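Survey of secondary and tertiary structure
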Amino acid sequence: MILIVDDNQNNIYSLKKLLESKDFQVDTAISGEEALGKALKNNYALIILDVQMPVMDGFEVAETFSGYSKTKEIPIIFLSAVNKEKEFITRGYASGGMDYVTKPIDPEILLLKVKTFYNLQENSLAMKKTQRSLEKEVKGRREAQVTMRSEIDHFHLMLEALPQIAFTLDGDGKVNFVNSKWYEYSASELEFPETHPDDKNIQYEFERCKKKGKALELESRIKNITTGDYRFHLLRMSPVYDGKSIKNWVGTFTDIDDQKKVEKEKDEFLSIASHELKTPLTSIKAYMQLLDRKLKINEGTTEANYVNKALSQVEKLNTLITDLLDVSKIDNGKLKINKKPTNLDSVIHTAIETILQTHDDKVKITRHGFIPDILIPLDAIRIEQVLINFLTNAIKYSPENNQVIVTTFVDENEVRVSVTDFGIGIPDFKQDAVFKKFYRVEESSLQFQGMGIGLYICSEIIQQHDGTIGLSSVVEEGSTFYFTLPLN
Ligand code: ADP
């Protein structure tokens, strides 16, 4: 908008008409005071100011405008009828005017000047606006940077306070922060600590997880650079996602060496104890069997009955000790599997017969599915052990229902055997843990006897057959444990 300031209404009228004919928006004021009031309130792109006005002349008005930040930048064109001399014109420029036009006005010239100043002012306003918004953005970015920096510092301080070795990597997997503990195991932040030659390579394992975008968890012995000793550490590296891409990784090495030593001592003790128990137990079993044979002559006597009961307890003890020995074999990598082409159906049959003989008549085992008459490479004794374990558990953990279903299914690659019961079931979040060593579901551990190693051994046996093991279960409804074996 353009502001015309003139004490003469006729001048204002003709000038206003001229500008409006060229589509300019026009506002008017008949004195310097009115002009100042309006200019402070509204935004004008140009002021056309008459020089000869009573009270405040045009030059004074222009000088006053130059004292206010809101008005000092507005271009002014002076209009004057009398003051054509050089000194007046000079004063006009000195007081902040942009141009000086003398009356009588040549409308075309005036319009050209107005257009030029108007456009100039519009452009400079637009530029200022852009500059302001740029400044705002730069300021915002600077503030965000400062906040981010302080958050990172805070995070690094937290990592420094951890008792573990802690470090971070950028999205490409390059280490960009390590806490001081790192330097106990590595001389440079560019290199991971050195691992024991028998353990997995950290960089290689990390590259594999990076490709999948998954967290890495690894137990590994790393070398202390001062003592040269290897200590067991649990390495965890987790990706931090920003949308779908990985922003960075956070990693820790937790020293688990003492825990590992205690575990090893416990395993050694179990191994020695079970070996030592096995020998006298085998003798007891042999003598009991001799006694049993002698007493068979007078079958039905109380003594024969006692010997029978003692024998079944000895058998239970024998199974427990054999299981413990298996666990120590697994721990030492000595559980050997002897695969031979075998008829799986007969292995299943033997396992079911054994269970039926050692349990009371209430137990009912039904078979579903069919196995073609093929030979599968497997260790019959070990697979029977897995089946007996599944079946024993199915009966043990179903105190209200003695029905068990054994289902077999074969496709071109593998055979799947599952054992279903209608017992107490296992809560969802505990299902994965049942295959871990010494794990027992808390809710049922007091009610049912056991050591929590049967399924651990089963899982090892099946893994050594290159098969899979798993379960599905619903609490209070029952469980299905299954394993698969490759046909070739
Ligand atoms: P154990 O039976 O000697 O405790 P296992 O290794 O055979 O050891 O089983 C581990 C745990 O899994 C058991 O303690 C029990 O809590 C749970 N479990 C196994 N089989 C079943 C089942 N059929 N129904 C419900 N819980 C089961």
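Everything that follows concerns the structure shown earlier in this document.
**Regarding the site of the ligand**
Lining the immediate surroundings of the ligand are 21 residues, of which Asn-393, Tyr-397, Asp-421, Arg-440 and Leu-455 lie closest. A distance of 3.1 Å is found between an oxygen atom of the ligand and a side-chain nitrogen or oxygen belonging to Lys-396. Taking Arg-440, its side chain carries an N or O atom lying 2.5 Å from an oxygen atom of the ligand. Considered on its own, the ligand offers 530 Å² of accessible surface; in the complex 97% of this is hidden by protein.

**Some thoughts on helix H12 (residues 454–464)**
With nine of its 11 residues buried, H12 lies for the most part within the structure. The complete set of buried residues in H12 reads Gly-454, Leu-455, Tyr-456, Ile-457, Cys-458, Ser-459, Glu-460, Ile-461 and Ile-462. Those residues of H12 hidden inside the fold are in contact with helix H8 (302–331), helix H10 (380–396), strand E16 (468–474) and strand E17 (478–486). Residue Asp-466 follows H12 closely and has a positive phi angle near 60°.

**Notes on the pattern of salt bridges**
For the structure on display, the rule yields 26 salt bridges. We note a salt bridge from Glu-20 to Lys-16, for which the minimum N-O separation is 3.7 Å. In this pair, Glu-20 and Lys-16 are both assigned in helix H1 (residues 9–20), four residues apart and thus about one turn of the helix distant. Linked by salt bridges that have partners in common, Arg-231, Asp-255, Asp-257, Asp-258 and Lys-261 make up one network.

**A word on the pairing of strand E10 (residues 245–255)**
Bridge count between strand E6 (residues 165–170) and E10: six bridges; the pairing is antiparallel. Each bridged residue has a counterpart across the sheet, and for Thr-168 the counterpart in E10 is Val-250. Alignment of strand E9 (residues 230–242) against E10, held across 10 bridges, turns out to be antiparallel. When the sheet's bridge partners are listed, His-233 is paired in E10 with Asp-255.

**Re the environment of Lys-436**
You can see Lys-436 is positioned in the loop between strand E15 (414–421) and helix H11 (442–445). Assessed through its relative accessible area of 54%, Lys-436 is described here as exposed.

**Some details on unusual backbone geometry**
Residue Phe-438 is not a glycine yet carries a positive backbone phi of 60°. Within the secondary structure, Phe-438 sits in the loop between E15 and H11. Exposure remark for Phe-438: the relative accessible area of 31% places this residue in the partly exposed category. Positive phi, normally seen in glycine, also occurs at Glu-476, with a value near 70°. The residue Glu-476 is located in the loop between E16 and E17 in this model.

**A short note on the nonpolar core**
Judged by nonpolar contacts, the single largest core of 45 residues is most densely connected at Leu-344, Ile-383, Leu-391 and Phe-483. Of all elements in the fold, only H8, helix H9 (344–358), strand E13 (376–378), H10, strand E14 (403–410), E15, H12 and E17 reach the threshold of two or more residues within this core. In terms of residue count, H10 provides more of this core than any other element does, seven residues in total. Among residues more than four places away in sequence, those in contact with Leu-391 are Ala-351, Ile-352, Ile-355, Ile-365, Val-404, Val-406 and Val-419. The next biggest cluster of nonpolar side chains, apart from the first, holds 20 residues, and it includes Ala-39, Leu-49, Ala-62 and Ile-76.

Rules behind the numbers
Residues numbered from 1 in each chain as written. Predicted model: local features only at pLDDT ≥ 70, side-chain atom pairs only at ≥ 80, totals over all residues. Heavy atoms only, no water. Near = heavy atom within 4 Å. Polar contact = N/O pair within 3.5 Å; in protein donor to acceptor, adjacent residues only side chain to side chain. Areas by Shrake-Rupley, 256 points an atom, 1.4 Å probe, with all protein chains shown as cover. Buried < 20%, exposed > 50% of the residue type's maximum accessible area, 1.4 Å probe, protein only. Helix = DSSP H or I, 4+ residues; strand = E, 2+ residues; numbered from the N terminus. Contact = heavy atoms within 4.5 Å. Salt bridge = Lys/Arg side-chain N within 4 Å of Asp/Glu carboxyl O. Pairing = 2+ DSSP bridges. Core = buried A, V, L, I, M, F, W, Y, C linked by side-chain atoms within 4.5 Å.

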